[in-house]
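Here are the chains, one letter per residue:
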Amino acid sequence: MSDHLSEQELRERLNLIESMIAEGRRHTQNWGWAFILWGVAYYVAMGWSAWSSSSWWAWPVTMVAAAGITIAIASSKAGDHPRTTLGRGVGSIWIASGVSMFVLFLALSMSGRLTDPRLFAAIASAMLGTANGASAILLRWRLQMGCAIVWWAAAVAVCFVTGTQSIVVFLLAIFLCQIVFGIYGAIAGAGKNKPRIPAHA
Amino acid sequence: MPELPELDPVVHGRLRLALLSLLSGVDQAEFTWLRARTESTDGNLGAQLLKLEQAGYVTVEKKFVSRKPQSLYRITEAGRHALAEYVRSLKQLLSLGPPVEL
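Residues numbered from 1 in each chain as written. Chains lettered and ligands numbered in written order. Predicted model: local features only at pLDDT ≥ 70, side-chain atom pairs only at ≥ 80, totals over all residues.

Engineer: Before we go on, may I ask you to explain the overall build of chain A in this structure?
Structural biologist: Secondary structure assignment for chain A yields seven helices and zero strands. Each helix (α) and strand (β) of chain A, taken in turn from the N terminus, gives the series α-α-α-α-α-α-α. The buried share of chain A, taken over its 201 residues, is 25%. Counting contacts in chain A only where the partners sit at least 6 residues apart, residues at least 24 apart contribute 70% of the total. (Helix = DSSP H or I, 4+ residues; strand = E, 2+ residues; numbered from the N terminus. Buried ≥ 20, exposed ≤ 12 C-beta atoms within 10 Å, placed from the backbone. Contact = placed C-beta atoms within 7 Å.)

So this is what it looks like as structure tokens:
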């Protein structure tokens, strides 16, 4: 079989292998829509809890609904993307952070200890900073590391301002790191995962 | 004179080689994703994947998700080994100087 192969053909085969392995490894799902969805969910929950008489239900109901929509959309898109170790690693960070925040805030709220909005904003911002930071390191994505820094800065800032100001800081961080970053991710990701090398038999 | 290494004919096909390489970089991949990455047709892709499956280099899991059929492909240990052997042989052939027409 190797008798009639030119050096060019051999090198071309090696290049094909390298490019295809890299293609599979670098392929990640586009999660821009999830950032936008969760950003809107935070706004809905905050608006509901501020202006409704049934404010206790605002966060648990909105978060469970957002989680349900995320699972439904992610399942419908699952076939379009390969399952990779990198994808599983990034996903695990967000799932673990989400569950931690949900359980912690539910317990704090039920026990009546979540009385200071600054406490809520500081914990939520710090945890979102952690998830974004870990994701950014795994994906080597500077822009997402920028989001992590914004969240960490927000977590620190809300400790030194009034309750109302802390809500404004939190809303601003959501706008930048969820809505704007999500829109950017959705647009950038749409053109990124196109095939590069045709490989016909 | 060193003996020339043989290239595995199952791995050597351009599309099959691309498929094995793609699958070696992921845990599992769906048929449509492989088709998009390789820009191949359904018929050709299916035929080449079947050859790889028959050689024991990939496995397929067929299921329905939201009533839509889904074929998930994974590279096997034998497939990974065959790809590694193929790369080793290629490098060996290339390092034997400018053999070009061997």
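Engineer: Help me out: how do you make sense of the nonpolar core in this one?
Structural biologist: A general trend in soluble globular proteins is that nonpolar side chains are found buried together. Ranked by size, the top nonpolar core spans 28 residues in total, and within it Leu19, Leu20, Leu22 and Leu23 of chain B carry the most contacts. Elements represented by at least two residues in this core include exactly helix 1 (7-26) of chain A together with helix 2 (14-24), helix 3 (31-38), helix 4 (42-54), strand 3 (68-75) and helix 5 (77-95) of chain B. Dropping the residues within four chain positions of it, leucine 23 of chain B is found in contact with Ala29, Val58, Tyr73, Arg74 and Ile75 of chain B. Trp31, Ala34, Trp38 and Val169 of chain A belong to the second-largest nonpolar core, a separate cluster that totals 27 residues. (Core = buried A, V, L, I, M, F, W, Y, C linked by C-beta atoms within 7 Å.)

Engineer: I'm lost on the sheet that holds strand 1 (residues 29-30) of chain B in this one. Help?
Structural biologist: Within a sheet, each strand pairs with its neighbour through backbone hydrogen bonds, oriented either parallel or antiparallel. All names here are of chain B. Sheet architecture is open: three strands sit in the order 1-3-2, paired in antiparallel fashion. Of all the strands in the sheet, the pair left with one neighbour each is strand 1 and strand 2 (58-65). In the sheet, strand 1 pairs with strand 3 via two bridges, with the strands oriented antiparallel. Residue pairing for strand 3: glutamate 30 is matched across the bridge by leucine 72. (Pairing = 2+ DSSP bridges.)

Engineer: For this particular structure, what's the right way to read the packing of helix 2 of chain B against helix 3 of chain B?
Structural biologist: To characterise two packed helices, one gives the angle between the axes of the helices and the distance between these axes. All names here are of chain B. Two numbers describe how helix 2 lies on helix 3: the axes approach to 11 Å, and their chain directions differ by 120 degrees. In terms of their interaxial angle, helix 2 and helix 3 are classed as oblique. Considering the relative orientation of helix 2 and helix 3, their crossing is right-handed. Contacts between helix 2 and helix 3 involve Leu15, Ala18, Leu19 and Leu22 on the former and, on the latter, Leu34, Arg37 and Thr38. (Axes fitted to C-alpha atoms, helices over the stretch in contact; angles between N-to-C directions. Parallel < 35°, antiparallel > 145°, perpendicular 65-115°, else oblique. Left-handed = near helix turned anticlockwise from the far one by under 90°.)

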